[in-house]
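Summary of the model geometry
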Amino acid sequence: MGGGFAGVAVAQRLEKKLRRDEAEIAIVSRDNFTLFTPMLPEVSSGGIETRHVVTPVRAQLRRSTFVLGEISRIDLDAREVAACHPITGDMTTLPYDTLVLALGSVTSTFGIPGVTEHTLPLKTIEDAETLRNRIIAALEQAVVTAPGPERDRLLTFVVVGGGYTGCEAAGELVDLFHSIVPFYRPLRLADVRMVLIEAGKALLPDLPPQMGAYTTRNLRQRKVELILGDGVTHIDERGLALQSGAFVSSATMVWSAGVRPSPVLKDLPGVMHARNGGIVVHADMSVIGRPGVWAIGDCAWIPTKEDAQQSDRSAWYPATAQHAIREGPALADNIIATMRGTPTKPFRYTSLGTMASLGARRGVAALPGGYVLTGFLAWFLWRSYYLARLPGLDRRLRVTVDWTLGLIFPRDIAEMRLYTERGHQAARDVQAQSKPVT
């Protein structure tokens, strides 16, 4: 279940290791592509074309059956799952002998009022496209709005969350504004206000302090307004209210304050749930108390040691793409071992490091051994590594071309409102059908 990094990695390994007459493999996903999430902030800023960071699932697999659908029901006792086609609504029921839960994560609102209604997440390809269109629409409206509080609100862009996604998004959006604001006369770059809010005392709080310190200096030098140690309490259409009592007026707010495992797993009976709703598994990634069921990736809590406590974050592998890619083959090997009656092995992996791109050819990177790189070298390492990890030679070439063109030409300012127009038309149709007949 799931067509992300982890799910596809499991299926690919099973195809490679299992004989054709030994098993049937099926993969179910709400999208027919795998999104390369590390490059998503660059999609939202127009630095990379949307289709260049997605790889069709069918193109990555040779003999697995692919089912397009959203998981609507998982029955562990009956050993079957039900998937709903996202377009037609048709239901497909799939029986199984072995089930892998790789459903990933969704944006977490932490119960703060107004987050769902008035902010934009940055988790999917639709999120990135919507954010870019919202930014362009705000600039278009600001041009025809008289100077004053309303225009200031339109030109204030807020990112909530000072982790990887938040810092990368803020840096990329600054690059976007530098590229496109000259098209919007009489607006000036100084009129645009970029704000990054982090409830903690520092940016990138889970990484070495040098990385957070450099990120803070870099973003401030590029005129990003940082609000640290002040969390959000309420959001409405006018802006954000903070714990300190301050209010930030904004028309475009990005929420990247955290994620939680897929809600499909929240009420799954007979399994051990972690405090955030994830599935607690054994070290070999098998679900506790459910033979034949495995969990992996963002939705699984995989222990790094036998006596792991939920309160000890270092006792669990982090939910990153780097780990998901390695967990997949290891889980597949354990499935095969179980089928053939041999012992499974615990998942063990030492991180190669962490990296973040801040835009403007700057970045931060933590390497094994405690080494920290900042600036251009870290940014170059980030681009080189993730370009090499991007599935498919054609995708790597396309992204390389995007980056090369970005050195020569400004970002595109076309606002693509296809879904918006369809939505308006659908609303008009519903309204017309609801009118009483006279």
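Just so we're clear, the structure is a prediction, and the values are computed from it rather than from any experiment. (Residues numbered from 1 in each chain as written. Predicted model: local features only at pLDDT ≥ 70, side-chain atom pairs only at ≥ 80, totals over all residues. Heavy atoms only, no water.)

1. Digging into the pattern of salt bridges
In plain terms, the rule: Salt bridge, as applied in this entry: a Lys or Arg side-chain nitrogen positioned within 4 Å of an Asp or Glu carboxyl oxygen. A run of H or I in DSSP becomes a helix once it reaches four residues, and a run of E becomes a strand once it reaches two; helices and strands are each numbered from the N terminus. Residue burial is assigned from relative accessible area. The probe radius is 1.4 Å, only protein chains are included, and a residue is buried under 20% of its type maximum, exposed over 50%, and partly exposed in between.
Evaluation of the coordinates by the stated rule reveals 18 salt bridges. The salt bridge involving K17 is made with D333; its shortest N-O contact spans 3.5 Å. Of this pair, K17 sits in helix α1 (residues 5-17) while D333 sits in helix α9 (residues 321-339); the two residues are 316 residues apart in sequence, bridging distant segments of the chain. Its relative accessible area of 37% is what places K17 among the partly exposed residues. Between R340 and E22 there is a salt bridge whose closest N-O contact spans 2.9 Å. One end of the pair, R340, is in the loop between α9 and β22 (354-359); the other, E22, is in the loop between α1 and β1 (26-29), with 318 residues separating them in the sequence. One salt-bridge network, in which partners are shared between bridges, spans R19, D21, E22 and R340.

2. Focus: the sheet that holds strand β5 (residues 70-75)
As a reminder, the rule being used: At least two DSSP bridges between two strands are needed for those strands to be called paired. Here the axes come from fitting lines to C-alpha atoms, over the contacting stretch only for helices, and the angles between their N-to-C directions go from 0 to 180 degrees.
Strand order across the open sheet formed by three strands is β5-β6-β7, with antiparallel pairing between neighbours. Looking at strand neighbours, the two that pair on one side only are β5 and β7 (91-95), the edges of this open sheet. Sheet twist, expressed as the mean angle between neighbouring strand axes with direction ignored, is 20°. Of the pairings in the sheet, the one linking strand β6 (residues 80-84) to β7 comprises five bridges and is antiparallel in character. Paired with E80 across the bridge in β7 is P95.

3. Structural notes on the pairing of strand β15 (residues 239-242)
Two strands pair when backbone bridges link them, and strand β14 (residues 232-236) and β15 are joined in this way by four bridges, in the antiparallel orientation. Paired with I235 across the strands is L240, a residue of β15. Counting the residues that bridge the hairpin from β14 to β15 gives two residues. Where β15 folds back on strand β16 (residues 247-249), the antiparallel hairpin that results is connected by four residues, among which G245 adopts a positive phi of roughly 100°.

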